[in-house]
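Descriptive structure summary
Residue-level listing of the chains:
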Number of protein chains: 4
Amino acid sequence: MIIVLEQNATKEQTDHIVTTLEAKGVQVHYSKGVDKTILGLIGNKQILSQIPVQRFAGVEKVMQVSEPFKLASRSFHPEPSRIEVRGVEIGGGRPIMMAGPCSVESREQILESAHAVKAAGGNILRGGAFKPRSSPYSFQGLGEEGLKLLAEARDETGLPIISEVMDPENLELVAEYVDILQLGARNMQNFHLLKKIGRINKPVMLKRGLSATIEEWLMSAEYILSEGNPHVILCERGIRTFETHTRNTLDLSAVPVIKHLSHLPIIVDPSHGTGICRYVAPMSRAAIAAGADGLMVEVHPKPEEALSDGPQSLTLENFSVLMDELASIQGIEFTN
Amino acid sequence: MIIVLEQNATKEQTDHIVTTLEAKGVQVHYSKGVDKTILGLIGNKQILSQIPVQRFAGVEKVMQVSEPFKLASRSFHPEPSRIEVRGVEIGGGRPIMMAGPCSVESREQILESAHAVKAAGGNILRGGAFKPRSSPYSFQGLGEEGLKLLAEARDETGLPIISEVMDPENLELVAEYVDILQLGARNMQNFHLLKKIGRINKPVMLKRGLSATIEEWLMSAEYILSEGNPHVILCERGIRTFETHTRNTLDLSAVPVIKHLSHLPIIVDPSHGTGICRYVAPMSRAAIAAGADGLMVEVHPKPEEALSDGPQSLTLENFSVLMDELASIQGIEFTN
Amino acid sequence: MIIVLEQNATKEQTDHIVTTLEAKGVQVHYSKGVDKTILGLIGNKQILSQIPVQRFAGVEKVMQVSEPFKLASRSFHPEPSRIEVRGVEIGGGRPIMMAGPCSVESREQILESAHAVKAAGGNILRGGAFKPRSSPYSFQGLGEEGLKLLAEARDETGLPIISEVMDPENLELVAEYVDILQLGARNMQNFHLLKKIGRINKPVMLKRGLSATIEEWLMSAEYILSEGNPHVILCERGIRTFETHTRNTLDLSAVPVIKHLSHLPIIVDPSHGTGICRYVAPMSRAAIAAGADGLMVEVHPKPEEALSDGPQSLTLENFSVLMDELASIQGIEFTN
Amino acid sequence: MIIVLEQNATKEQTDHIVTTLEAKGVQVHYSKGVDKTILGLIGNKQILSQIPVQRFAGVEKVMQVSEPFKLASRSFHPEPSRIEVRGVEIGGGRPIMMAGPCSVESREQILESAHAVKAAGGNILRGGAFKPRSSPYSFQGLGEEGLKLLAEARDETGLPIISEVMDPENLELVAEYVDILQLGARNMQNFHLLKKIGRINKPVMLKRGLSATIEEWLMSAEYILSEGNPHVILCERGIRTFETHTRNTLDLSAVPVIKHLSHLPIIVDPSHGTGICRYVAPMSRAAIAAGADGLMVEVHPKPEEALSDGPQSLTLENFSVLMDELASIQGIEFTN
């Protein structure tokens, strides 16, 4: 940690800072430059993070040198993490495809989707049972009934299933049914839920918050990891910017950045990332080319009748074409 | 709702859209312009919101005419809402001041703060007991012990108290102690928690999410209102932008915008909004001049020793000076 | 154009709006919905755009139905535009590679770069002679001397050259040397310069502004097109967001969006888009997979000694490896 | 400047960095912390800014310690700058009001506006003659004829005049007529124009770019100052964010931030900042309460007929009411 002193910081102020920090076991290096004087602090990251150094008189600003995350960091864990779910390996070098409807709506809808996903070469079935909706008047999901239908689709097709958990009170219920827990963008900093998931031994896919920096996202992963659950998968799903033509701005550069900073696998969701079905295929191809470990896309047998996210859902035919296109990016194979 | 058709939409596509919508009881007005053909849809807002019209073949884009919120809307409730808490009226025309430390840290700290807030003319005491922290390694609050200390400070000073609730599992616990529940920015779209709070008859202050539009914020208020709790107070606390000099960008224009769109009172939090104590006083003055119903500011007897948010906390002396400055904006009186 | 009336708009206000608009030759369709009353305006786009309808008493908001651009629009010009520069075709289905140093620094530097670009299969040579720098104390480019060196490199290698024009006063000078004019992000709305370039019959690559929406970007293209120059190439180079790990956020979804809205070719610049050389290769692959018509990347024989943008420049070896990687995205061939 | 080394940087890499920097006259301090090793660089700011240290092998990231601006800095010039224009002092402690129509449209319009601005207590008359418009099909201003009409309004009322200069080629023309040159948001990084204005001895008001950080804004001021023109006034006019209810997000915290970092006066433009006339008055009051040196607001005798920016213009009556309201913020007096 570096403290930059104000130009007119007094000797008393500087001495007070140094004395206070040294009393807490922090080493302080004083360095006078041409314009600015700085103090370099050396000490335990946790101790440093708990001293409000910015608030001392004479301090202009404070700069962090180290990343705040540790367990999620590539320097702590140099090899990429691989997560296996019923025989499907995520992060193992071969991208995987998660697909299915935004919401589970009926037995027919989810079974038809599951069979089509399987037939086209998809690896994991998605489907929402508890839905976060910005309006209290929108369809909120089938709840446990949806989870049961998902499980039935898994039994029929062999595809592992993923579904979102929205609140701590039904975490156990969701965990009982699904193979991978999904933590949505709006809950990326629901710290209580993060901790509870950290105490379960089940893979979890953590979506990036709409306005979360990559560092904050990795800190949320750190919450889960630090409670003991190592099976964390990240998912880039678009960030909020000023551009309005797409629903969000899919930040594909997050893929190589995560690969540089962390060992955790990263999935890309171009359906939420763009919000418009005509852009899902090109952004799927781009995500794979950028090095993503897989994709999550929304498909629906009849998007016109979808109870949620119809505008961004592919038809089952669109999906099958996309799977063929992806195969043509050399070296890519989706298999199940 | 307006559907803009693609330039090359066929008659079959248009007919299919019209027939489908009319079958659901929606009136459709066809209108051919110079460049574009549009369909104007007239019908119940809830029915319309559940049809994925964007997904029909031949549709270029869809535009909303009505606001999606109703109970939070000024057109539904033209008079400003007033919320009374132990004799303090919020939204009644005279701005109020909520102040106190970011976190409750000790008996001495909260009592000293409470007496200073009271002496300077503050109206409500704030203090965090359960703290949302982006790092799992940071101080997480005293929990119930913090709530007990807050209640003791209320008993000594008569100031009503406000504290944050972070998860549904301890909502009842927090509600038992505090006079106003605070819902933090990171939980603005924690829909499960919103609904549970909507079923409690206690005032709640709903902070704007870091990247929430004003419309989304009002939709979250709608969640609480639609469950039956009318005592909602909004709080602008800065949004996330590209500017890094301040921690967030305090969007003061949200004050007159909320006054135009809604009847709910709005408080401004310049401490989180700027993140730097030297900017708290000018932004407090500005918020009141913009028409805010009150302020929430962080004060701490010894900011250098604060366990959270020290950099943005005022000393008790700074706070007293601020209260005097605010009084000089003509017509403003803080009293308790 | 749609006018949404205020809930309490009076008959006099509505009549006044209708009368005023009809007097200007606009047809007005009145439509009363459940919550809102709207007026649909049909008329010439240019006339409509010059009436400040928002300002009439009784108006809540105004919504645009048509895109504001015409010549840049795909509906006006359904076939993709192809631009040929000394035998290199841009927009013809086969992606092209523009590469070279950020700034021309010396004869050796630009010739060594040009030969390496050529040898690896690049198609066009880039190099800055007039440099926009955020600090007045930074290297500002070699000026005309830089253009002469670029032209010499073209003579030696046969590669067409592209360089930035920053102000109207030396447009003619730059145009005399280069094959493609580059208009930088900071000048995307330098309307005077756009118009002047529109009167020259030379290809121009128009970079997207740091905070420009796709619609504004196409409107800037419209400025050039409307003055008579049809040879416009667009270039996505990253937008400004809250994320700080990368210098900008490369918005690759702009590629399919532009393909949907416009007939103009689109190039992607991952060097400025990320600002960090280690991310240039993955984002280059992703851009091509998303459907871009080509790339612009910065290369430098000795990035450590670059006078500008060293951190994001590839070495000549990195560049050669990248060209091989790109070839492996099936169907992609760079040739010159 | 601080270099943070990669965890696995080798001794050779570190030695190479140190040797290279020392050869350029930079002192290098080596400091090994718990997680990271850093190099502190001490030397001339200009030399440091020209070495691409980020690009050396073994470097993880580079952090700036000093601000990049000097002449614009408060530490260089501790007293606030005051700029006098025909007897009106800007930055002298008493806020001033600039008002007038967006565009000069006719003799009657500008004279009527000027008399009303004067009568209500305004200090400076604004009016656009050369207009930056995002569409080539919109009204582009009256050009020199507009400047002549402005000058006539000055002669009649005694109000100094301000108008925008858009390109270097008519800088001299505009400077001949106006008392203050205005540089628009879209030209904030038009470096050629900045330099030319820096060589003229005339006050200039520099608007903040739509996506400019405060640091970049001050660097653009530095361009003007470093060429010799000390009469720079800053103007906050809203930044681009995700919020769409207002046209821009007025960043009022820029006012105290600029006061902290710089000696230059700062004006706030709530008309462009919000884009909607109903929000101009509250944001004007807030700007003054935040400490702004003045305001710039758009007024029009008949906003319904304005050729540009009608939606955000106040009527002459609205303006007169606003001036009275502002007077009631204690201690504020506008006089002319």
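Reading the values: rules and limits
- Residues numbered from 1 in each chain as written.
- Chains lettered and ligands numbered in written order.
- Predicted model: local features only at pLDDT ≥ 70, side-chain atom pairs only at ≥ 80, totals over all residues.
- Heavy atoms only, no water.
- Least-squares fit on C-alpha atoms with pLDDT ≥ 70 in both.
- Contact = heavy atoms within 4.5 Å.
- Buried < 20%, exposed > 50% of the residue type's maximum accessible area, 1.4 Å probe, protein only.
- Helix = DSSP H or I, 4+ residues; strand = E, 2+ residues; numbered from the N terminus.
- Arc of directions from axis to C-beta.
- UniProt positions renumbered as here; feature names shortened; annotations may be inferred.
- Buried area = accessible area lost by both parts, 1.4 Å probe.
- Salt bridge = Lys/Arg side-chain N within 4 Å of Asp/Glu carboxyl O.
- Polar contact = N/O pair within 3.5 Å; in protein donor to acceptor, adjacent residues only side chain to side chain.
- Nonpolar A, V, L, I, M, F, W, Y, C, P; charged D, E, K, R; others polar.
- Phe/Tyr/Trp six-rings, centres within 6.5 Å; stacked < 30°, edge-to-face > 60°.

Quick look at the relation of the copies chain B and chain A now. To go from the first copy of the chain to the second, apply a rotation about an axis and then a shift along the same axis. You can overlay chain B on chain A at an RMSD of 0.0 Å; the transform is a turn of 180° with a shift of 0.0 Å along its axis. Both copies are brought into coincidence by an operation consistent with a two-fold rotation axis. Considering only C-alpha atoms, the part of chain B nearest the rotation axis is B:Ser211, at 2.9 Å. Counting the interface residues of chain B, we find that 100% of their copies in chain A are interface residues as well, pointing to one common contact surface.

This paragraph deals with helix H6 (residues 191-198) of chain D. Residue and element names in this part refer to chain D. Residues of H6 that are buried: Phe191, Leu193, Leu194, Ile197 and Gly198. In an axial view of H6, the angular spread of the buried residues amounts to 160°, which keeps them on one side of the axis. Packed against the buried residues of H6 are helix H5 (171-177), strand S10 (180-183), strand S11 (204-207) and helix H7 (214-226).

Here we take up the UniProt feature "domain: DAHP synthetase I/KDSA" (unreviewed entry) in chain A. As annotated in UniProt, the feature "domain: DAHP synthetase I/KDSA" (unreviewed entry) corresponds to residues 87-326 of chain A in the numbering used here. Structurally, residues 87-326 of chain A is divided into 38% helix and 15% strand, and its ends, taken at the C-alpha atoms, are 22 Å apart.

If you look at the interface, chain B gives 56 residues, while chain A gives 56 residues. Overall, the association of chain B and chain A removes approximately 4600 Å² of surface from exposure, summing both partners, and the carbon and sulfur fraction of that is 50%. Of all residues in chain B, B:Arg55, B:Tyr137 and B:Glu304 bury the most surface against chain A, accounting for 18% of the area lost on that side. For the interface between chain B and chain A, the tally reads four salt bridges. A:Lys196 is the partner of B:Glu169 in a salt bridge, and the nearest nitrogen-oxygen pair spans 2.9 Å. Remark: the boundary between chain B and chain A carries 27 residue pairs in polar contact (both at pLDDT 80 or more). Elements with a contribution of two residues or more to the side of chain B that touches chain A: strand S4 (59-63), helix H6 (191-198) and helix H7 (214-226) of chain B. Top element by residues in the side of chain B that touches chain A is H7(B). It accounts for five residues. Here the residues of the side of chain B that touches chain A sort into 22 nonpolar, 19 polar and 15 charged.

Our next topic: the packing of aromatic side chains. What describes a pair of aromatic rings is the distance from one ring centre to the other and the angle between the planes of the rings. All names here are of chain D. Under the counting rule described, the total for this entry stands at four aromatic pairs over all chains. When the ring of phenylalanine 191 is compared with that of tyrosine 223, the centres are 4.8 Å apart and the planes differ by 25°; the resulting orientation is stacked. In this pair, phenylalanine 191 is assigned in helix H6 and tyrosine 223 in helix H7, connecting sequence segments 32 residues apart. Under the relative-accessibility criterion, phenylalanine 191 is labelled buried at 2%.

Residue and element names in this part refer to chain D. Structurally, serine 308 is set in the loop between strand S14 (294-298) and helix H11 (316-327). Judged by its relative accessible area of 4%, serine 308 is buried. Separated by 175 residues in the primary sequence, serine 308 and arginine 133 have C-alpha atoms spaced 9.0 Å apart. Excluding residues that lie within four positions of it along the chain, serine 308 makes contacts with Cys102, Ser103, Glu105, Lys131 and Arg133.

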